[in-house]
Amino acid sequence: MPETTYREAVRDAMSEAMRRDESVFIMGEDIAEMGGSMGVTQGMLDEFGPDRVRNTPISEMAIVGAGIGAAMAGMRPIVEIMYQDFTTLAMEQIVNQAAKHRYMSGGQLKVPLTIRTQGGAGWSPGAQHAQQLEAWFVHVPGLKVAFPSTPEDVRNLLYASIYDDNPVIFFEHRTLYGLKGDVPEEIEPVEFGKARIHREGEDVTVVATGRLVHEALAAAEEAEGEGISVEVLDPRTLLPLDEDAIVASVEKTNRCVVAHEAVVRMGFGAEVAAIVQERAFDYLDAPVGRVGAKFSPLPFAPIMEEYVVPHARDVLAAIKKTVGKN
Amino acid sequence: MAQIAAAEHELRRVIGDAEGLGDREVEGLSEGDLLALYRDMILLRTYDERSVVYHRQGRIGTYAIYWNHEAMQAGAAYALADDDWIFPSYRESAIGLLRGLPAATILSWWRGHPSGWWNPADYNVASICVPIATQVPHAAGLAWGKRLRGEDACALVFFGDGATSEGAFHEGANFAAVMQAPVVLLCNNNQWAISTPVSAQTRAETLADKAAGYGMPGVRVDGLDVLAVYEATREAVERARAGEGPTFVEALSYRAAPHATADDPTAYIDLERVEEERTRECVGRYEGYLRRLGVLTDEQAEQIKAEAADVMREGIKAAESEPPADIGLVFEHAYADPPPQLAEDLAELRRILGGSVG
Ligand SMILES: Cc1ncc(C[n+]2csc(CCOP(=O)(O)OP(=O)(O)O)c2C)c(N)n1
Ligand SMILES: [Mg+2]
C-alpha cells in the first residue's frame, strides 16, 4: 500500500481489523450511508453491513456508554464522536466509567474500547467545532491517548488501539485527513508509548503533536537555512508518553521546545516541560519553550483563527528564542 | 396533578389541500395578521435563498439551509409576545428578523464578523446553538427564572427530531415539567438529522409521544401549515402563561434541501421524495390559502417579495461594508475581567501590530 491518505489509513486500519475479527465493529453518528462527517468510513457500510457499521441516534453519552457495555460483553467496539468538542457530552462515561472499570473491579473487568474523534482548526468552524482537548484526557488515569500525525502512524496506532485492552481516546486531526504518505503493505501495530523521531538534529529538540509535527518540520527546514539544527520528535501517544525518548533527545540537543495546537496555558506541553526540567535539568542550556494556541476560544473569523492557532513561523520563533538567535 | 392525555397522532391542520381537505380559519386572526404572517414567511424564505447564493459566491461561510421550515418558524414566533424569548438552533438562525434584528447582523454572524453579535436581551432572541439540544435546558431555566421573578414572559425553544435523542433534551424537558416552567418545546421534525432518518432516531411512533413520559401535553401539527403551527403554539403559550407548564409541539415537515451548504445528501436521501416534497413546500401552500380566501392580491405578493429582496440587498451591503475586525477582540470577550495574562497577550499583540488596530 504505497501513497495513502491519512483518511484512507484510518479506514484501512478499521476495515482490516473488521475483516479479521467479528468482534470489531463501529458505531457513531452519520457513519453509515454518508460515511461520516469527514468521509472516513465511506464504503464500509457496503463491505460490512449495517450491524457492524452502525448509525446511532445523536446521543454521545449513549454511544460511549453502549460502547463500554459492548466491550464488557467481549466486543472490541470502535465508536466515533463526530467532533472532539462533543466528547464533552460523554465525559461521565469516559472519565468515570471507561477509565475506572478495570480499577474498580480489581482488574477483573476490561474495557477494550476505542473512541475515535477528530478536531483541529484551520478551516474556521468556530469555537465549538475545532478544539484540541487532549490535555483533559491525559489527566485521567485509566485512559490511553493517541494522537498520530502521519498516514503510517495513524494506521498502525489505530490497529493497536483496537487490540488494546484499555479504553483509548484516539485523536485525529481534521486538516491531516488529506495528507498523503507511504504506508507499509502490512499493518505493523505500534507499541503505545514509543515516540518517532521525524528529523534528527543537534541544537534543539521540538516535541510536537498532531498538525504541529508538520509545522515543526517546516520550521526545522527553515532553521536549517539559518544554521540551526533541529530534531523533531512526535510522541504519537500522549498517554503513555515516551519520556525516555524526549529526555534522551534533550540530553543530546540541550534545548527543548514543545509545540501543540491546543492552548499553551495548562496544556500538554507544560507536562513535557516539567518532565524535561525534572529529568534533564543539568543538560538544559535554555528554558523550555512552549508553542500553542493563544488563550482564547477559537474564533470563527478566519483571520482571527489564523492568529490564535500556531503555525510554522511560531515554532521557528520559539526555536530561535531557545537558541538565542532572535 | 393534571391528567396528561397521550398525544394525538393526527396532524393538526388549518390549510386545506385544495382537494379533499377544506380550509379552516383560526379564530382571532385578522386579515392584517394573515398578511403579516405572509410577510414573515417571505422574509425568511428570501433570506434563506439569498444566503445560499451568498455562500456560493463566497460571501458567507457554511450555512444551514432552512428552506421549507419557514412556516413553523413564522407561525411559532407569531404566537409569542415580544417579551417572550426564542431559543434558536442553527436551523432558525434568521428568526431574529421577525424580532427586528437587522439582516446585516445575521449575515455578519455567518460571515464570522464581530458585528454579527447581538445582545440576546435586546431582542429576546438567544444566541444560536450549534451543539445539538443544549439550548433546551437553557430555555427551561430562563422560563422558570422569569416565573420566579414574577414576570409574565415565557420561552420557546426550537430543536430538531435528532435532538430528541440527546441527554440534554431529556433532562431539559423533564426539568421544565417538574418546575412547571412556562416553556414551549417546539420540535422541528424535518425527518432527517444530517443523514439519519427519524426512524433510526427513535422507535416511538411519534415524537409527540415522548411528551407523556414527562407529564406534559404533546401536540402534532403539520409543520408546513403556518396557521396550524401558530394555533398550536398559541394554545401552548396560553397554558404556559396560566401556570400550567410546558407543552411539546411536534411540527412535522421535510428537509427538502441539504443539511447545510457543505452537505451532499445524494448518498443517503431519496431525491424523488425530495422533489415531491418541494412541490408541497410551505410558502406556496400558504399563498394558495390566502388567495382562496381572497386576502392576497398579485400586487401585494409582488410588493412583499420586492421589500424582502430589498432587505437582503441592503443587508449584505451593510454586512460587507463593515471594517475588518479588530484582532484584539480575541482577548476581550472570553472573560468579564480578563486575567492579567490575557492583558499581557493583548499588549503583545498590539506591539506586533504596531498599535494600528482597535
Ligand atoms: C452534541 C452534538 N453532536 C453532534 C453534532 C453534529 N450535528 C450537527 S447537526 C446534526 C443533526 C441534527 O439533526 P436534528 O436535531 O434533526 O436537527 P436538523 O438539523 O434536522 O434541524 C448533528 C448530528 C452537534 N452539532 N452537536
Ligand atoms: Mg431534523
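Residues numbered from 1 in each chain as written. Chains lettered and ligands numbered in written order. Predicted model: local features only at pLDDT ≥ 70, side-chain atom pairs only at ≥ 80, totals over all residues.

1. Here's the deal with the overall build of chain B
What counts, and what does not: Strands are runs of DSSP state E lasting at least two residues, helices are runs of H or I lasting at least four, and both sets are numbered from the N terminus onward. Partly exposed residues are those whose C-beta has more than 12 but fewer than 20 other C-beta atoms within 10 Å; with 20 or more the residue is buried, with 12 or fewer it is exposed, and the C-beta atoms are placed from the backbone. Residues are defined as contacting one another if the C-beta atoms placed from their backbone atoms lie within 7 Å.
Within chain B, the secondary structure is distributed over 12 helices and seven strands. The principal-axis extents of the C-alpha atoms in chain B amount to approximately 70 × 50 × 45 Å. Counting across all 358 residues of chain B, residues that qualify as buried make up 49%. A fraction of 78% describes how many contacts in chain B between residues 6 or more apart in sequence connect residues 24 or more apart.

2. Some words on unusual backbone geometry
With an omega dihedral of 0 degrees, the bond running from A:Leu239 to A:Pro240 counts as a cis peptide bond. Even without a glycine there, the phi angle at A:Asp30 is positive, about 60 degrees. Within the secondary structure, A:Asp30 sits in the loop between β2 (24-28) and α2 (44-48). Positive phi, close to 80 degrees, is recorded for B:Asn68, a residue that is not glycine.

3. Digging into the site of ligand 1
Rules: Only the C-beta atom, placed from the backbone, is used; a residue is near a molecule or strand if that atom lies within 6 Å of it. Gly falls in the polar group here, along with every residue not listed as nonpolar (Ala, Val, Leu, Ile, Met, Phe, Trp, Tyr, Cys, Pro) or charged (Asp, Glu, Lys, Arg).
Around ligand 1, 21 residues are found, and the nearest of them are B:Ile132, B:Gly160, B:Gly162, B:Ala163 and B:Ala193. Each of chains A and B places residues next to ligand 1. Of the residues belonging to the shell around ligand 1, the class tally is 11 nonpolar, five polar and five charged.

4. Notes on the sheet that holds strand β11 (residues 230-234) of chain A
Residues and elements named next belong to chain A. What counts here: Two strands pair under a simple rule: DSSP has to find at least two bridges between them. Helix axes use the C-alpha atoms of the stretch in contact, all axes being lines fitted to C-alpha atoms, and the angles between their N-to-C directions lie in the range 0 to 180 degrees.
Pairing is mixed across the open sheet formed by five strands, whose spatial order is β9-β11-β10-β13-β14. The open sheet has two edge strands with one neighbour each: β9 (196-199) and β14 (289-293). Averaged over all neighbouring strand pairs, the angle between strand axes comes to 25 degrees, with direction disregarded. Both strand β10 (residues 204-208) and strand β13 (residues 256-263) contribute to a ladder of four bridges, which runs parallel. The residue of β13 that forms the bridge with valine 207 is valine 258. Together, β10, β13 and β14 form the strand contacts of helix α10 (residues 268-280), whose direction differs from that of β13 by roughly 160 degrees.

5. Re the pairing of strand β7 (residues 247-252) of chain B
All names here are of chain B. Definition in use: Handedness of a crossover is defined as follows: with both strands directed away from the viewer, a clockwise route from the first strand across the helix to the second makes it right-handed.
Taken across its six residues, β7 has six buried, putting it largely inside the fold. Bridge analysis of strand β3 (residues 183-189) against β7 gives six bridges, and the strand direction is parallel. Residue pairing across strands places leucine 186 opposite valine 249, the latter belonging to β7. Sheet analysis places strand β6 (residues 218-222) next to β7, joined by five bridges and oriented parallel. From the neighbouring strand, aspartate 222 faces β7, where its bridge partner is leucine 252. With respect to chirality, the unit in which β6 leads through helix α8 (residues 226-241) into the neighbouring parallel β7 is right-handed.

6. Section: the environment of B:Lys305
Residue and element names in this part refer to chain B. For lysine 305, the location among the structural elements is in helix α11 (residues 298-320). According to the C-beta neighbour criterion, lysine 305 is partly exposed, with 15 such atoms within 10 Å. As for lysine 305 and arginine 45, which are separated by 260 residues in sequence, their C-alpha atoms are 9.6 Å apart.

7. Quick look at the domain arrangement of chain A
A common way to express how large an interface is: the accessible area buried when the components associate. Residue and element names in this part refer to chain A. Here is the rule: Where each domain begins and ends follows an automated or database-derived domain assignment.
Partitioning chain A into domains gives domain 1 (4-181) and domain 2 (196-322). Look at where the C-alpha atoms of domain 1 and domain 2 centre, and you get two points 26 Å apart. Facing the 24 residues of domain 1 at the interface are 24 residues of domain 2. Contributions of two or more residues to the side of domain 1 that touches domain 2 are made by α6 (134-137), β6 (144-146), α7 (151-162) and β7 (168-173). Ranked by residues supplied to the side of domain 1 that touches domain 2, first place goes to β6 with three residues. For the side of domain 1 that touches domain 2, the residue count by class is 13 nonpolar, eight polar and three charged.

8. Here we look at the interface of chain B and chain A
The interface of chain B with chain A comprises 27 residues on the first partner and 25 residues on the second. Its residues placed into classes, the side of chain B that touches chain A shows 15 nonpolar, 10 polar and two charged.

9. Side note on the packing of helix α1 (residues 31-56) of chain B against helix α2 (residues 70-78) of chain B
Residue and element names in this part refer to chain B. We count it as follows: We call two directions roughly parallel when the angle between them is under 35 degrees, roughly antiparallel when it is over 145, roughly perpendicular when it lies between 65 and 115, and oblique otherwise. Handedness of each helix crossing follows the sense of rotation of the near helix against the far helix: counterclockwise by less than a right angle gives left-handed, clockwise gives right-handed.
Two numbers describe how α1 lies on α2: the axes approach to 9 Å, and their chain directions differ by 135 degrees. Taken together, the axes of α1 and α2 lie oblique to each other. In the packing of α1 onto α2, the handedness of the crossing is right-handed. Contacts from Leu37, Asp40, Met41, Leu44 and Arg45 in α1 reach Glu70, Ala71, Gln73, Ala74 and Tyr78 in α2. When its residues are assigned to classes, the contact of α1 with α2 shows six nonpolar, one polar and three charged.

10. Structural notes on the sheet that holds β6(A)
All names here are of chain A. Strand order in the open sheet formed by seven strands is β3-β2-β4-β5-β7-β6-β12, and the pairing between neighbours is mixed. On the outer flanks of this sheet lie β3 (53-55) and β12 (237-239), each paired with one strand and no other. Adjacent strand axes in the sheet meet at a mean angle of 20 degrees when their direction is disregarded. Summarising the sheet, β6 and β12 pair through two bridges and their orientation is antiparallel. Across the sheet, residue valine 145 finds its bridge partner in β12, namely leucine 239. Together, β2, β4 (76-81) and β7 form the strand contacts of helix α1 (residues 6-20), whose direction differs from that of β2 by roughly 130 degrees. Lying over the sheet, α7 contacts β2, β4, β5 (114-119), β6 and β7, oriented at roughly 160 degrees with respect to β7.

11. Some points on the nonpolar core
The cut-off we apply is this: Among buried residues, those of type Ala, Val, Leu, Ile, Met, Phe, Trp, Tyr and Cys that are joined through C-beta atoms within 7 Å form a set called a nonpolar core.
A:Val206, A:Ile319, B:Val157, B:Val183 and B:Val249 are the most contacted members of the largest nonpolar core, which has 207 residues in total. Among all residues touching A:Ile319, those that are not within four sequence positions of it are A:Val204, A:Val206, A:Ala219, A:Ala223, A:Ile228, A:Val230 and A:Val257. Core analysis: the second largest hydrophobic core is formed by six residues, B:Ala64, B:Ile65, B:Tyr254 and B:Ala256 among them.

12. Focus on the packing of helix α9 (residues 243-253) of chain A against α10(A)
Residues and elements named next belong to chain A. Running from amino to carboxyl end, α9 crosses α10 at an angle of 60 degrees, the nearest separation of the two axes being 10 Å. One way to sum up the angle between α9 and α10 is to call them oblique. Judged by the twist between their axes, the crossing of α9 over α10 is right-handed. In this structure, α9 uses Glu243, Ile246, Val247, Val250 and Glu251 to contact α10, whose residues at the interface are Val272, Ile275, Val276, Arg279 and Ala280. Classifying every residue of the contact of α9 with α10 by side-chain character gives seven nonpolar, no polar and three charged.

13. Re the confidence of the model for chain B
Detailed reading of the predicted coordinates is not advisable wherever pLDDT is low. Threshold: On a range of 0 to 100, pLDDT expresses the predictor's confidence in each residue.
Mean pLDDT over chain B: 94, with 98% of residues reaching 70 or higher. Reported confidence for the predicted complex is 0.88 by ipTM and 0.93 by pTM.

14. Concerning the pairing of β7(A)
All names here are of chain A. Of all the six residues making up β7, six are buried; the element is thus mostly covered by neighbouring parts of the structure. Side-chain alternation along β7 places Val168, Phe170 and Glu172 on one buried face and Ile169, Phe171 and His173 on a second face that is also buried. In terms of strand pairing, β5 meets β7 through six bridges, oriented parallel. The residue of β7 that forms the bridge with threonine 114 is valine 168. Where β6 and β7 come together, three bridges link them in parallel fashion. Bridge pairing in β7 links lysine 144 to valine 168. Taken together, β6, α7 and β7 form a β-α-β motif whose crossover is right-handed.

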